[in-house]
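Structural characterization, general
Residues per chain, in single letters:
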Amino acid sequence: MVNYGKIWFNGEIRDESECTVSVASHALHYGTSVFEGIRGYKTPQGTAIFRLTDHLERMYFSASIYRMPVPYDLETLHQACRDTVRINELESAYIRPIVLRGNCGIGVIPKDMNMVDTAIITTAWGAYLGEDGLKNGIKACITSWNRLAPNTMPPGSKAGGNYLSSLLIGLEARERGCIEGIGLGVDGLLSEGAGENIFIVEKERIVTPPVSSSILAGITRDTVTTLAKERGLEVVEQSIAREQMYAADEIFMTGTAAEVTPVSQLDHIVIGNGGCGPVTKQLQNDFFGLFNGSTKDRWGWLEYV
Ligand code: PMP
């Protein structure tokens, strides 16, 4: 069991052992939780939580899809995230706010729509796909599992239940000797990774699937798109065919956990130079530059604890 120190739970900071939910929680039976994954970085000005407001706004959106009323307003959760990082004395952190349906009756339709629990868990966390992966690229594969069809469970709502799909994709990839798995949509076109958005670089253009390709509209995806355009690079949202990926000059993944990770091999086919391509490297530098001060934060993305 991992100990997460102090957790913000339903309005109070408590020891992890005091933060309990019922085994009859609706979220356990039916996957009805919505959550976020957010990083706090050590910067020259102190610890900053990256795009905290944008992440929390996405969580409210995710909750609204499932008619789940979040009992705390944005200011309260914003403060609570900052407090939890500070109390756990984390200089850099992974922050996991979660809102879940509690014990509101065993049926699928909750008897009490307002029975929800809210928690904020924090931890220290390094490179999700490994330091070596960040530097030299990872082996990835297209799995036999597709991503969610858009008219089944909405991929744009970051709900707990969606991660059954991510688990199958991630497990299959690891069973096949890869670090991460990528899912196609039910139309056979590229969707996203188990927990990452995908970009390809082809002939001076950067291409990523649109939100209609069964993806979560990633905040890192938006960050990298903004940074690339800032450099004068062309970024387009377009459907991507599987073979386009094999022929790409570069492929990289983005996500709060994965940050900007190059894909060096896809389905055992070497991509581009077989390492971190020059465009990916540039975008990585621009991204990490936000935290070491070499990229100016013109967007107010750094929210200090
Ligand atoms: N897609 C999925 C399925 C994810 O879980 C994540 C991680 N939250 C992403 C994409 C990337 O989103 P973000 O950049 O906002 O972390």
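Look up: the structure comes first, before these words.
Here is a short report on the structure shown in this document. (Residues numbered from 1 in each chain as written. Predicted model: local features only at pLDDT ≥ 70, side-chain atom pairs only at ≥ 80, totals over all residues. Heavy atoms only, no water.)

A look at the overall build of the protein chain
As a reminder, the rule being used: Helix and strand assignments come from DSSP, with helices taken as H or I runs of at least 4 residues and strands as E runs of at least 2, each series counted from the N terminus. Radius of gyration: over C-alpha atoms. The globule rule applied is 2.2 Å multiplied by the number of residues raised to the 0.38 power. Partly exposed describes any residue whose relative accessible area lies between the buried limit of under 20% and the exposed limit of over 50%, with all areas from a 1.4 Å probe on protein chains only and scaled to the type maximum. We call two residues in contact whenever any of their non-hydrogen atoms come within 4.5 Å of each other. Surface exposure here means Shrake-Rupley accessible area, sampled with a 1.4 Å probe, where a residue is shielded only by the protein chains that are shown. Just so you know, the count uses Lys and Arg for positive and Asp and Glu for negative, and it drops His and the chain ends. Working definition for charges: the position is that of NZ of Lys, CZ of Arg, CG of Asp or CD of Glu.
Helix and strand counts for the protein chain come out as 8 helices and 17 strands. For the protein chain, the C-alpha radius of gyration of 19 Å lies close to 19 Å, the compact-globule estimate for 305 residues. The principal-axis extent of the C-alpha atoms belonging to the protein chain is close to 55 × 45 × 30 Å. Residues classed as buried in the protein chain amount to 52% of the 305 residues present. Put simply, of all contacts in the protein chain between residues at least 6 apart along the chain, 70% involve residues at least 24 apart. Accessible area of the protein chain: about 13600 Å², with a carbon and sulfur share of 54%. Seen as two clouds, the 27 positive and the 36 negative side-chain charges of the protein chain have centres 1 Å apart.

Focus on the side chain of Thr-256
Put simply, the test is: Counting of polar contacts relies on pairs of N or O atoms within 3.5 Å, with two restrictions inside protein: one atom must be capable of donating a hydrogen and the other of accepting it, and residues adjacent in sequence are counted only when both atoms are side-chain atoms.
With respect to the helices and strands, the residue Thr-256 is situated in the loop between strand E14 (250–255) and strand E15 (259–266). Reaching out from Thr-256, the side chain makes a polar contact with the backbone oxygen of Gly-37 at a distance of 3.4 Å. Once residues lying within four places of it in the same chain are set aside, the contact partners of Thr-256 are Gly-37, Ile-38, Arg-39, His-55, Tyr-94 and Thr-220.

A look at the packing of helix H6 (residues 219–230) against helix H8 (residues 278–292)
Note the threshold: The axes are straight lines fitted to the C-alpha atoms, using for helices just the contacting stretch, and the angles between their N-to-C directions are given from 0 to 180°. In what follows, roughly perpendicular refers to angles from 65 to 115 degrees, roughly parallel to angles under 35, roughly antiparallel to angles over 145, and oblique to any angle outside these ranges. By convention the crossing between two helices is left-handed if the near helix lies anticlockwise of the far one by an angle smaller than a right angle, and right-handed if it lies clockwise. Under the scheme applied, nonpolar residues are Ala, Val, Leu, Ile, Met, Phe, Trp, Tyr, Cys and Pro; charged residues are Asp, Glu, Lys and Arg; polar residues are all the others, including Gly.
The interhelical angle for the contact between H6 and H8, taken along N-to-C directions, is 110 degrees, at an axis separation of 10 Å. Overall, the two elements H6 and H8 adopt an arrangement that is roughly perpendicular. As H6 packs across H8, the resulting crossing turns out to be right-handed. Where H6 abuts H8, its residues Thr-220, Thr-223, Val-224, Leu-227 and Ala-228 lie against Leu-283, Asp-286, Phe-287 and Leu-290. Split into classes, the residues belonging to the contact of H6 with H8 amount to 6 nonpolar, 2 polar and 1 charged.

A look at the packing of helix H2 (residues 52–65) against helix H3 (residues 74–87)
Two elements in contact, H2 and H3, have axes separated by 10 Å at closest approach and are oriented at 125 degrees. On the basis of the axis angle, H2 is oblique to H3. In the crossing of H2 with H3, the sense of the turn from one axis to the other is right-handed. From H2, Leu-52, Thr-53, Leu-56, Glu-57, Met-59 and Tyr-60 reach across to H3, where they touch Leu-74, Leu-77, His-78, Cys-81 and Arg-82. Among the residues forming the contact of H2 with H3, the class breakdown is 7 nonpolar, 2 polar and 2 charged.

Topic: the site of the ligand
Basically, it comes down to this: To be near a molecule or strand, a residue needs just one of its heavy atoms within 4 Å of it.
What surrounds the ligand is a group of 17 residues, the closest being Tyr-163, Glu-192, Ile-219, Thr-220 and Thr-256. Look at the ligand: alone it shows 380 Å² of surface, and the protein chains cover 96% of it. Only H2, H6 and E14 provide two or more residues apiece to the shell around the ligand. Residue composition of the shell around the ligand, by class: 4 nonpolar, 8 polar and 5 charged.

Points about the packing of aromatic side chains
The line we're drawing: Any two rings among Phe, Tyr and Trp, with Trp reduced to its six-membered ring, count as a pair given centres within 6.5 Å; such a pair is stacked if its planes are under 30 degrees apart, edge-to-face if over 60, and tilted if neither.
Under the defined criterion, the tally for this structure stands at 12 aromatic pairs. Ring centres of Phe-50 and Phe-287 lie 5.9 Å apart, and the angle between their planes is 90 degrees; this geometry places the pair in the edge-to-face category. Residue Phe-50 is located in strand E5 (residues 46–50), and its partner Phe-287 is located in helix H8; the two are separated by 237 residues in the primary sequence. The exposure class assigned to Phe-50 is buried, which follows from its relative accessible area of 6%. The class for Phe-287 is buried, based on a relative accessible area of 2%. Ring geometry for Phe-287 and Phe-291: centres 5.4 Å apart, planes at 85 degrees, overall edge-to-face. Within this pair, Phe-287 and its partner Phe-291 are both found in helix H8, separated by 4 residues, close to a single helical turn. With respect to class, Phe-287 is no different from Phe-291; both count as buried. In this structure an aromatic cluster arises from ring pairing among Tyr-41, Phe-50, Phe-287, Phe-288, Phe-291, Trp-299 and Trp-301.

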